Amino acid sequence: METDCTRDDARVNGIAPLPAGTRLLHIGPHKTGTTSIQGALFAARDLLPAHGVVFPAHTRHPMEAALAACARPAMLGDPVPTGRHWRKLLEQVNATGGRTSVVSSEFFADAEDDATAARIVEQLGGDRVHVLVTLRPLAKIMPSQWQQYVQNGLRMDYGNWLEHMLRKAPYEQPNPSFWRRHRHDRLVERWVRAAGPERVTVVVVDDRDKGGLLRTFEALLGLPQNLLQPVPDTANRSLTLAETEMLRNLNKEFRGNELPAELYSRLVRNGAVMHMKNACSPSPEDVKIATPVWALEAAAAIGAEMAGRIGGTGVRVIGDPALLSAVPGPQVREAPAEPRIAPEVAAQALYGALAAAAAAPVRHTDPAKARTVHQTPSKELVKVLGHRCLKRLRRR
């Protein structure tokens, strides 16, 4: 076990660890490696206390608590987060006592104003709180964020969405949350005003270094190297262009027929999409979401401006800020391939929706045995579906 003394003095890869007893608040934003960090911390939660660190949440990602703290709505059709979620997380953090603790949710980046950020910092421990912001280039965030918005009901295609986000002032439609999250200089400035520059660290993620972000967290927390390991999560993978286009067209039909939002959450996002992502892995032949050159250059220019302003805040920056303004190679071919959904992918999506509609929640007294639809074997779901159909036929 490390002592307080060694934690304060030791450096790993030139990174000085945070003082013992720090409450590390990782605010994302979205699409900057948050899921990999949350998965690794949650998987190692039983090993962390031996090194003076606690992961206090009972789930990998305390999303409801973060949404409640920021007074933000849930995803389309999901239950509304309440103050109870946030108070529960605060209780878990307070129970860690004088040990270092880590709270991670990209939805903290959705805090709209200084007052909200300041309240979150104060409630989590005031001067003990250290805010961590992870950043990637906008050019890499935009396609991932667009398909994520489609998974929450967006009907606009990628090209039109880019026009709105980059060329149509005030750049707030159709997704006002995009620049609240990804105008990274303003995000950092907002949290600097809440915590002070000496208690904010910015990490620029280098996608070429696959384990770099995990090693950075280990160094900041004073953990042994390689204690945090990546955890595969197919449910969090991005959709291919064909999958996204299929879902986007489904969104048009869903909204056009004014179906209930709760139905979208259950049948589409947590039924069709979730089962499709778990059952089907993308192949090298799948057409990727391609960003046109004009948008790549616009994103790089914004990235350069943001890097300059972040550098002037006085926060600690780990990594190379120049990565935020790098222009990737062109992603658009002269004759782009037509995205086509494979029959088996479409079948898995349809099956996921049917299974979600037919399968009753399996109630267990042991929470470890509880499963969601996409975690249940197909044969078992088919039996449930068949029994439910038979019951309905008999009623008629």
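Definitions and cut-offs
- Residues numbered from 1 in each chain as written.
- Predicted model: local features only at pLDDT ≥ 70, side-chain atom pairs only at ≥ 80, totals over all residues.
- Heavy atoms only, no water.
- Helix = DSSP H or I, 4+ residues; strand = E, 2+ residues; numbered from the N terminus.
- Buried < 20%, exposed > 50% of the residue type's maximum accessible area, 1.4 Å probe, protein only.
- Contact = heavy atoms within 4.5 Å.
- Areas by Shrake-Rupley, 256 points an atom, 1.4 Å probe, with all protein chains shown as cover.
- Polar contact = N/O pair within 3.5 Å; in protein donor to acceptor, adjacent residues only side chain to side chain.
- Pairing = 2+ DSSP bridges.
- Salt bridge = Lys/Arg side-chain N within 4 Å of Asp/Glu carboxyl O.
- Phe/Tyr/Trp six-rings, centres within 6.5 Å; stacked < 30°, edge-to-face > 60°.
- Lys NZ or Arg CZ within 6 Å of the ring centre and 35° of its normal.
- Arc of directions from axis to C-beta.

Check the secondary structure of the protein and you find 15 helices and six strands. When each of the 396 residues of the protein is scored for burial, the buried share is 48%. Long-range pairs, those at least 24 residues apart, make up 80% of the contacts in the protein between residues at least 6 apart in sequence. Accessible surface for the protein amounts to roughly 19,500 Å². Of this, 54% is attributable to carbon and sulfur atoms.

As a further point, take the side chain of Thr291. Along the chain, Thr291 turns up in the loop between helix H12 (261-279) and helix H13 (293-311). In terms of polar contacts, Thr291 uses its side chain to reach the side chain of Tyr158, at 2.6 Å.

The next thing to look at is the pairing of strand S5 (residues 200-204). Most of S5 is tucked away: five of the five residues are buried. Here S5 shows two buried faces, one formed by Val200, Val202 and Val204 and the other by Thr201 and Val203. The sheet contact formed by strand S4 (residues 129-135) and S5 spans five bridges and is parallel. Considered in S5, the bridge of Leu135 is made with Val204.

This paragraph deals with helix H10 (residues 212-221). Of all the ten residues making up H10, ten are buried; the element is thus mostly covered by neighbouring parts of the structure. For H10, every residue scored as buried is listed here: Gly212, Leu213, Leu214, Arg215, Thr216, Phe217, Glu218, Ala219, Leu220 and Leu221. Positive backbone phi, at 70 degrees, marks Gly222, one or two positions downstream of H10.

Going from Gly28 to Pro29, the amide bond is cis rather than trans, its omega being 10 degrees. Of note in this structure, Ala71 is not a glycine but carries a positive phi near 55 degrees. Its location among the elements puts Ala71 in the loop between helix H3 (63-69) and helix H4 (83-94). Not every positive phi belongs to a glycine, and Asn226 is a case in point at roughly 70 degrees.

Tallied over the entire structure, the rule returns 17 salt bridges. Salt-bridge contacts for Lys140 lead to Asp207; the nearest nitrogen and oxygen are separated by 3.2 Å. Highlighted residues: Lys140 in helix H6 (residues 138-150) and Asp207 in the loop between S5 and H10, separated in sequence by 67 residues. The exposure class of Lys140 is partly exposed, given its relative accessible area of 36%. Exposure remark for Asp207: the relative accessible area of 23% places this residue in the partly exposed category.

As enumerated under the stated definition, the model contains eight aromatic pairs in all. Between Trp146 and Tyr158 the ring centres are 5.1 Å apart and the planes differ by 40 degrees, which places this aromatic pair in the tilted class. Highlighted residues: Trp146 in helix H6 and Tyr158 in helix H7 (residues 158-166), separated in sequence by twelve residues. Taking the relative accessible area as the measure of exposure, Trp146 reaches 0% and is therefore buried. Ring geometry for Phe178 versus Trp179: centroids 4.8 Å apart, planes at 80 degrees, classification edge-to-face. With respect to burial, Phe178 and Trp179 carry one shared label: buried. Taken together, Trp146, Tyr149, Tyr158, Trp161, Phe178 and Trp179 form an aromatic cluster joined through their ring pairs. Directly above the ring of Phe42 sits Arg45, whose terminal nitrogen or CZ lies 3.9 Å from the centroid. Above the plane of the ring of Trp294 lies Arg167, whose end atom (NZ or CZ) is 3.6 Å from the centre.

Right, let's talk about helix H5 (residues 114-124) for a bit. Of all the positions in H5, only Thr116, Ala117, Ile120, Val121 and Leu124 are classed as buried. Within H5, the buried residues cover an arc of 135 degrees as seen down the axis, which keeps them to one side. Among the exposed residues of H5, those oriented more than 90 degrees off its buried face are Ala115 and Glu122. Where H5 is buried, its residues touch strand S1 (23-26), H3, H4, S4 and helix H9 (184-195). With a side-chain oxygen lying 3.4 Å from the backbone nitrogen of Ala115, the N-terminal cap of H5 falls on Asp113.

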